[in-house]
Amino acid sequence: IFFFDCALLFTIPHIKICLFPTGDANSCQVSVTQPRYKEAGESVHTVTLTCTFSALGCSPSQPQALWFRFFTNRHEDLCTPKCRDFQKFKVHISSKNVSLQISNLTTNDSAVYYCGIAFSDSSSPHSKQMGGGTVLVKTGAEKHTIENLTFMIITLSLLLLYSIVVFTILILHKKISSGRKIFQAIAQELQKQRYAEHCQQPDHLEDDTVYQNR
């Protein structure tokens, strides 16, 4: 899409933003600076990203502050200049500083945040500039997840070891019980054989024994 008389064109990949001029200030030159990296720990739930700018030969009116964020395969327009989610994102602007306050911070907010400054009343191509981006990393949650995973692995390992010990004891007990039953069966069989042999002795042996005693 081509915008005729367009006074604003940001050079962020996949994004083109156009603002129409309301005045003429061809000498306006803007430069924007952002911190390269911002880290937020696990206990941090609100973070503020800063952006400083300088304006040379621009009108005294307050510029527009725009914020975008880029993920690995997508991007979001956060405040252009009105914030889409005013409960989570808030923009504060002063004479030379702009900040983006992010509330309810989670690991899903880890991204590259770009700050844009635009003097919409100027037709100068240098009156609308973007910062180099701030990499925001929400840390701590991953560490907590790893600790939980390690605890679960240790617990499962102990339970597995306990199950193996119990199973081994049951197997040994079963083998001992089976051995006892086998020995008892053998003893009973021997006792039956002895009893049968005793009952099958001839009567004349008993008579001879009695005669000799007499």
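Predicted model only: the values in this text are computed from it and were never measured.

**Some remarks on the overall build of the chain**
Counting its secondary structure elements, the chain contains two helices and 10 strands. Counted from the first residue to the last, the chain has its helices and strands arranged as β-β-β-β-β-β-β-β-β-β-α-α. Counting the 214 residues in the chain, one finds 28% classified as buried. Put simply, the chain shows about 15,200 Å² of open surface, and 59% of that area lies on carbon and sulfur atoms.

**Observations concerning the side chain of aspartate 121**
With respect to the secondary-structure elements, aspartate 121 resides in the loop between β8 (111-118) and β9 (128-130). The buried charged residue aspartate 121 lacks any salt bridge partner; its closest oppositely charged side chain belongs to lysine 128, at an N-O distance of 6.6 Å. Within the structure, aspartate 121 has its side chain in polar contact with the side chain of serine 59 (distance 2.5 Å). In this structure the side chain of aspartate 121 is engaged in a polar contact, spanning 3.3 Å, whose partner is the side chain of serine 61.

**What about the pattern of salt bridges?**
By the definition in use, this model includes four salt bridges. Arginine 69 serves as the salt-bridge partner of aspartate 109, at 3.0 Å between the closest nitrogen and oxygen. You can see aspartate 109 sitting in the loop between β7 (97-102) and β8 and its partner arginine 69 sitting in strand β4 (residues 64-70), a full 40 residues away along the chain. Taken individually, aspartate 109 and arginine 69 each receive the classification buried, so the pair is uniform in this respect. One salt bridge connects arginine 74 with glutamate 76, and the closest N-O pair in it is separated by 2.8 Å. Each of the salt bridges in this network shares a partner with another, and the network as a whole consists of Arg69, Arg74, Glu76, Lys88 and Asp109.

**A word on the nonpolar core**
Within the largest apolar cluster, 26 residues are counted, with the highest numbers of intra-cluster contacts made by Trp67, Val98, Leu100, Ile102, Tyr113 and Ile117. Of all elements in the fold, only β1 (29-33), β3 (47-56), β4, β5 (75-79), β7 and β8 reach the threshold of two or more residues within this core. Counting residues in each nonpolar core, the second largest holds five residues, with Leu66, Phe68, Ala118 and Met130 among its members.

**Concerning the environment of cysteine 28**
One can find cysteine 28 in the segment before β1. Each C-alpha atom, one on cysteine 28 and one on serine 59, is 7.7 Å from the other, the two residues being 31 residues apart in sequence. Apart from residues lying up to four places away in sequence, cysteine 28 is in contact with Leu56, Gly57, Cys58, Phe119, Ser122, Ser124, His126 and Ser127.

**With respect to the sheet that holds β3**
The strands making up a sheet associate through hydrogen bonds between their backbones, and the pairing can be parallel or antiparallel. Spatially, four strands are ordered β1-β3-β7-β6 in an open sheet, and the strand pairing comes out antiparallel. In this open sheet, the two strands that pair with only one neighbour each are β1 and β6 (89-93). Looking at each pair of strands side by side, their axes are set apart by 20° on average, direction ignored.

The rules behind the values
Residues numbered from 1 in each chain as written. Predicted model: local features only at pLDDT ≥ 70, side-chain atom pairs only at ≥ 80, totals over all residues. Heavy atoms only, no water. Helix = DSSP H or I, 4+ residues; strand = E, 2+ residues; numbered from the N terminus. Buried < 20%, exposed > 50% of the residue type's maximum accessible area, 1.4 Å probe, protein only. Areas by Shrake-Rupley, 256 points an atom, 1.4 Å probe, with all protein chains shown as cover. Lys, Arg positive; Asp, Glu negative; His and termini not counted. Salt bridge = Lys/Arg side-chain N within 4 Å of Asp/Glu carboxyl O. Polar contact = N/O pair within 3.5 Å; in protein donor to acceptor, adjacent residues only side chain to side chain. Core = buried A, V, L, I, M, F, W, Y, C linked by side-chain atoms within 4.5 Å. Contact = heavy atoms within 4.5 Å. Pairing = 2+ DSSP bridges. Axes fitted to C-alpha atoms, helices over the stretch in contact; angles between N-to-C directions.

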